[in-house]
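Analysis of the macromolecular model
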Amino acid sequence: AAALICALLPFLWSAWFRWPVRKVRIPVLLGNVLWLAALAATFSRTGLAVLGGELLLYLLLRKGEGWKMLIGVAIAAGVVAAGFGVHERFAVDASLVHRFEIWKAGLALFGANPWSGVGLGNSGNLAGAFLLPDGIACRTLVNSHLTLLAEFGLAAGFPWLLAQGYALLNGWRDPAAGASLAGLSVSAFTGSVIDWPLLFDFRGFGGLTVLNFALSWGLLLLF
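Report follows, based on the coordinates. (Residues numbered from 1 in each chain as written. Predicted model: local features only at pLDDT ≥ 70, side-chain atom pairs only at ≥ 80, totals over all residues. Heavy atoms only, no water.)

**Observations regarding the overall build of the protein chain**
- If you tally the helices and strands in the protein chain, you get 11 helices and 0 strands.
- When the helices and strands of the protein chain are listed from N to C terminus, the series reads α-α-α-α-α-α-α-α-α-α-α.
- A compact globule built from 223 residues should have a C-alpha radius of gyration of about 17 Å, and the protein chain, at 19 Å, falls within 12% of that.
- Each of the three principal axes of the protein chain carries a C-alpha extent, and together these read 60 × 35 × 35 Å.
- Per-residue burial for the protein chain yields a buried fraction of 41% across its 223 residues.
- Considering only contacts in the protein chain between residues 6 or more positions apart, those separated by 24 or more positions represent 72%.
- Summing over all exposed atoms, the protein chain offers an accessible surface of approximately 12,000 Å²; the carbon and sulfur share of this is 70%. (Helix = DSSP H or I, 4+ residues; strand = E, 2+ residues; numbered from the N terminus. Rg over C-alpha atoms; globule rule 2.2 N^0.38 Å. Buried < 20%, exposed > 50% of the residue type's maximum accessible area, 1.4 Å probe, protein only. Contact = heavy atoms within 4.5 Å. Areas by Shrake-Rupley, 256 points an atom, 1.4 Å probe, with all protein chains shown as cover.)

What follows is the structure, given as C-alpha cells:
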C-alpha cells in the first residue's frame, strides 16, 4: 500500500502544476492530504523515506521550479507522520537487521542457480532451511528484484533490470513518471512490493481478498 501511494503522489504534484486553476487545485490539495494520511497509516518507514526521495528527485527534474509547493508537501508529510507516531519506527530493529541476512542468503541462492533459478515461491523456504541463522524465517527475500533473480534466474531477471535501468535513465523526460518509477524501484528493493508467488496464485489469491489481489496486479502493471 505504501509503495502504491508513493507511486501515485507524483502525478498529483504534476496535476497541480499543469492545471493552475482552483477547480483542479483544490481536489489535488485534498488528494495530497488524504494520500499522506493513508501513507502514515501504513506505518511504513520505507514509504516515508521513498516519499522524501521522490520529492527531491521531482524537484531536481523540474530544475527547482515549484519548490514552495513541494516543501509544503514535505512539511505536511512530516506533520501527518508525527501525528500517527510513525517517527517511533525509525530505529534499528530485528526487521531491519534480519533483512541484510536475508539478502545475503538470496544472493547466495542466485549465485548457485544463476540461469534457471530455484523456482517460483521457493527462495524464502530454501534460504530459511539452509542459509539463514536460526530464528530468521522468510517467505520471500524481502526484495522483489532479488526474489525474481533467485527464483527465475537471469532469463527473467536481466530483462526486468535492463528495462528499469533504461526507463530510469530516461526519467528526466517526465518528472512525475520518473519520480514514480524511481520510488517503485527503491520500494521493490527494500521489500516484497512485487510479490511474485502471490501474484501467480490465481486459485487462492495468495490468501488475500480479491480486491487486494487486484491491487497487487495493478501495482505491477503500473510499474
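That covers the picture; the talk isn't over yet.
**Observations concerning the nonpolar core**
- By size, the foremost hydrophobic cluster in this structure holds 27 residues, and its most contacted members are Leu 9, Trp 13, Leu 39, Leu 51, Tyr 58 and Met 69.
- Those elements giving two or more residues to this core turn out to be α1 (2-18), α2 (22-41), α3 (45-61), α4 (67-84) and α9 (175-190).
- At 9 residues, the largest contribution of residues to this core is made by α1.
- Excluding its chain neighbours within four sequence positions, the residues that come into contact with Tyr 58 are Pro 10, Trp 13, Ser 14, Phe 17, Leu 70, Pro 175, Ala 176 and Ala 179. (Core = buried A, V, L, I, M, F, W, Y, C linked by side-chain atoms within 4.5 Å.)

**A few points about helix α6 (residues 123-131)**
- Among the residues of α6, Ser 123, Gly 124 and Ala 127 are the ones counted as buried. Buried residues along α6 cover an arc of 100 degrees about the axis, so they all sit on one side. In α6, the exposed residues that point more than 90 degrees away from the buried face are Asn 125, Ala 129 and Phe 130. (Arc of directions from axis to C-beta.)

**A closer look at the environment of Phe 223**
- Here Phe 223 is to be found in the segment after α11 (210-222).
- A sequence separation of 77 residues divides Phe 223 from Leu 146, and the C-alpha atoms of the two residues are 16 Å apart.
- Among all residues touching Phe 223, those that are not within four sequence positions of it are His 145, Trp 160, Gln 164, Leu 181, Leu 184, Ser 185, Ala 188 and Ile 194.

**Let's talk about the packing of helix α5 (residues 94-112) against helix α7 (residues 144-152)**
- Relative orientation of the contacting elements α5 and α7 amounts to 30 degrees, with a least axis distance of 8 Å. The angle between α5 and α7 places the two elements in the roughly parallel class. Crossing geometry of α5 relative to α7 is assigned as left-handed. When α5 is examined against α7, the residues Trp 103, Gly 106, Leu 107, Leu 109 and Phe 110 are found in contact with a partner set consisting of Leu 146, Leu 149 and Ala 150.
- Partitioning the contact of α5 with α7 into residue classes produces 7 nonpolar, 1 polar and no charged. (Axes fitted to C-alpha atoms, helices over the stretch in contact; angles between N-to-C directions. Parallel < 35°, antiparallel > 145°, perpendicular 65-115°, else oblique. Left-handed = near helix turned anticlockwise from the far one by under 90°. Nonpolar A, V, L, I, M, F, W, Y, C, P; charged D, E, K, R; others polar.)

**Observations concerning the side chain of Glu 54**
- Mapped onto the elements of the fold, Glu 54 is located in helix α3.
- We note that Glu 54 is buried and unpaired, the nearest opposite charge coming from Arg 62 at a distance of 14 Å.
- Those residues in contact with Glu 54 that lie beyond four places of it in its chain are Cys 6, Ala 7, Pro 10, Trp 13, Ala 179, Ser 180 and Gly 183. (Lys, Arg positive; Asp, Glu negative; His and termini not counted. Salt bridge = Lys/Arg side-chain N within 4 Å of Asp/Glu carboxyl O.)

**Focus on the pattern of salt bridges**
- Enumeration according to the criterion identifies 2 salt bridges in this entry.
- A salt bridge links Glu 65 to Arg 62; the nearest nitrogen and oxygen atoms lie 3.5 Å apart.
- Residue classification places Glu 65 among the exposed positions, given a relative accessible area of 52%.

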